[in-house]
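Below, each chain spelled out in residue letters.
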Amino acid sequence: MDFTQLFLIGFIICTIIQLGFWWGLFSRLAFFKTPVKSGISEDEHDEKRDIPVSIIICARNEAANLAKFLTRILSQNYHLYEVIVVNDNSTDTTEDILIQHTINCPYLRIIHIHNKYEYDSQVGKKRVLAEGINSARHNVLLLTDADCEVASENWLREMQGSLQGDKQIVLGFSPYFRYPGCLNLFIRYETIYTAVQYFSFALAKMPYMGVGRNLAYHKRLFELAGGFKKHEHIASGDDDLFINQVSTPQNVNINIDPDTFVFSEPKRSWKAYFGQKARHMTTGREYQTKHKILLGLLSTSHFGHYFFGGLLLMAQGSANVVIILYTIRMLSMIILYGKILKKLRDPSMLVWIPILDAAFVLFYVVFAPFLMTGKRNQWT
């Protein structure tokens, strides 16, 4: 058996695995039907209908963002909720901005941290978030970041409404603001592709992560898990590692109603983006084994599809097979992405999918080393 035959076998296997992921797993999100809203008007809502919720935001030198985004969070169409902002050693005017908001918002609570955790074993954002969670008065927790803008005044109501029955966790969608340029396009694509994965896995009863910019869960779940103790030595992971630890096939729900979207400011330079992703990628090695195997198979087959296909074309071998299987996979992706992008309100990205999908192979090459090495102690 020569190299060309080996390349062909590798290409076929990787393509079949990819088709399995797209039609067997990601199609669940493509054909997911968003639950019909209750239709209850704001006037019909009262305190008896509202389950108390604690919204928690961690902030460090976020004066500008709090001034810009906090008002929407404080103006939710909901009766029983508190907003806790944990001010972590800010040196700008964050404290002044928060104090101004408390004048008209008695349900806004500020927790000031002044070098309290200088020698704490917990690193990164976890120690700050844990302070907010421990101070929360209510069992339902809704998390976001200071640099995020909620899509509507119904964000809280819709996210809390998904905590029904045995559901103790709700995964929301947090896209990035749209700006001109290739970097912004790639960041939005990577965010959507990541969402496709964690939403689809959750729909398949295999939840493995969530995004802390838009995430709800029960405080009791946090307490039973011992907080972030299991992975307190890792700076990142207050969202994905925690969800990976406490999620079960039965206790996770998703919500992709546009009213629940939480928009965030993207990085504006490739260097800043690489730094952000390097921090986040270090958490993947801490996932449960079954999740690491599946995600590894997904990324390896994606890479192998292009790698072996490229080698075959360069070797001028089995070009017809390469073209046919590439076309089948790409058409499958376009069909499913067409439905998914409409749900996630970014349909214009569809024309870029062939280019972005190929470019994403470089993402694996650049960031794979961070799955094996590197420690980052900053929180973002």
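Refer to the preceding data block for the structure.
Reading guide: rules and limits
- Per chain, residue numbering runs from 1 following the sequence as it is written.
- Selection of residues for local features in this predicted model requires a pLDDT of at least 70, selection of side-chain atom pairs for listing and counting requires 80 or more, and totals for whole chains, interfaces and linings are taken over all residues.
- Where side-chain values are given, they derive from all heavy atoms of the structure, hydrogens and water being excluded.
- Helix and strand assignments follow DSSP, with helices taken as H or I runs no shorter than four residues and strands as E runs no shorter than two, numbered in order from the N terminus.
- For every residue, the accessible area (1.4 Å probe, protein chains only) is compared with the maximum for its type, and the residue is labelled buried under 20%, exposed over 50%, or partly exposed between those bounds.
- In the analysis that follows, any N or O atom pair within 3.5 Å is treated as a polar contact, provided that within protein one partner can donate a hydrogen and the other can accept it, and provided that, for residues neighboring in sequence, both atoms belong to side chains.
- Note on contacts: a residue pair is in contact if any heavy atoms of the two residues lie within 4.5 Å.
- Each nonpolar core is a collection of buried residues, namely Ala, Val, Leu, Ile, Met, Phe, Trp, Tyr and Cys, held together in the definition by side-chain atoms within 4.5 Å.
- Think of a salt bridge as a Lys or Arg side-chain nitrogen and an Asp or Glu carboxyl oxygen that are within 4 Å of each other.
- Disulfides are defined as cysteine sulfur pairs within 2.5 Å.
- Here an axis means a line fitted to C-alpha atoms, over the contact stretch when the element is a helix, while the angle between two N-to-C directions is reported on a 0 to 180 degree scale.
- When an angle is under 35 degrees it counts as roughly parallel; over 145 it counts as roughly antiparallel; between 65 and 115 it counts as roughly perpendicular; any other value is oblique.
- Should the near helix be turned anticlockwise from the far one by less than a right angle, the crossing is left-handed, and should it be turned clockwise, the crossing is right-handed.
- Gly is placed with the polar residues, together with every amino acid not listed as nonpolar (Ala, Val, Leu, Ile, Met, Phe, Trp, Tyr, Cys and Pro) or charged (Asp, Glu, Lys and Arg).
- By the convention used here, strands pair only if DSSP detects at least 2 bridges between them.

Draft legend 1. Focus on the environment of Phe199. Mapped onto the elements of the fold, Phe199 is located in helix H6 (residues 182–203). On the accessibility criterion, Phe199 (0% relative accessible area) is buried. Considering only alpha carbons, one finds Phe199 and Met209, 10 residues apart in sequence, at a separation of 8.9 Å.

Draft legend 2. Here's a closer look at the side chain of Asn251. Secondary-structure assignment places Asn251 in the loop between helix H8 (240–246) and strand S8 (252–255). By relative accessible area, which is 3% here, Asn251 ends up buried. Here Val246 takes part through its backbone oxygen, which lies 3.1 Å from a polar atom of the side chain of Asn251. If we skip the residues at most four places from it in the chain, Asn251 touches Asp166, Lys167, Gln168, Ile169, Leu221 and Val246.

Draft legend 3. Molecular detail of the nonpolar core. Formed by 77 residues in total, the largest nonpolar core has its most connected members in Leu171, Tyr217 and Tyr337. With 13 residues, H6 is the largest single contributor of residues to this core. Other than its neighbours up to four places away in sequence, Leu171 contacts Tyr198, Phe199, Ala202, Met209, Gly210, Asn214, Leu215, Ile243, Val252, Asn253, Ile254 and Asn255. Counting 29 residues, the second largest nonpolar core, distinct from the first, contains Leu70, Val150, Trp155 and Ala216.

Draft legend 4. Inspection of the pattern of salt bridges at higher detail. Evaluation of the coordinates by the stated rule reveals 13 salt bridges. Taking the shortest distance from any N to any O, the salt bridge between Asp88 and Arg127 comes out at 3.5 Å. Taken together, the positions of Asp88 in strand S2 (residues 81–88) and Arg127 in helix H4 (residues 125–135) put the pair 39 residues apart, joining distant regions of the chain. Among the residues examined, Asp88 registers a relative accessible area of 0% and is labelled buried. Look at Arg127 and you get buried, because its relative accessible area is 13%. Sharing partners across several salt bridges, the network here consists of Arg60, Asp88 and Arg127.

Draft legend 5. Seen up close, the state of the cysteines. One pass over the full model with this rule turns up zero disulfides. Cys58 takes part in no disulfide bond, and the closest cysteine sulfur, belonging to Cys148, lies 11 Å away. Of the residues examined, Cys58 reaches a relative accessible area of 3% and is grouped as buried.

Draft legend 6. A look at the packing of helix H1 (residues 3–30) against helix H10 (residues 289–314). Two elements in contact, H1 and H10, have axes separated by 8 Å at closest approach and are oriented at 135°. Our classification of the angle between H1 and H10 gives oblique. The hand of the H1/H10 crossing is left-handed. Contacts between H1 and H10 pair Thr4, Phe7, Leu8, Gly10, Phe11, Cys14, Thr15, Ile17, Gln18, Phe21 and Phe26 from the former with Leu294, Leu297, Leu298, Thr300, Ser301, His302, Gly304, His305, Phe308, Gly309, Leu311 and Leu312 from the latter. Among the residues forming the contact of H1 with H10, the class breakdown is 13 nonpolar, 10 polar and no charged.

Draft legend 7. View of the pairing of strand S6 (residues 169–172). The alternating pattern of S6 places Ile169 and Leu171 and Val170 and Gly172 on opposite faces, both of which are buried. The pairing of S6 with strand S7 (residues 215–218) spans three bridges and is antiparallel. Opposite Val170, over in S7, you have Ala216 as the bridge partner. Pairing analysis gives four bridges linking S6 to S8, with the strands arranged parallel.

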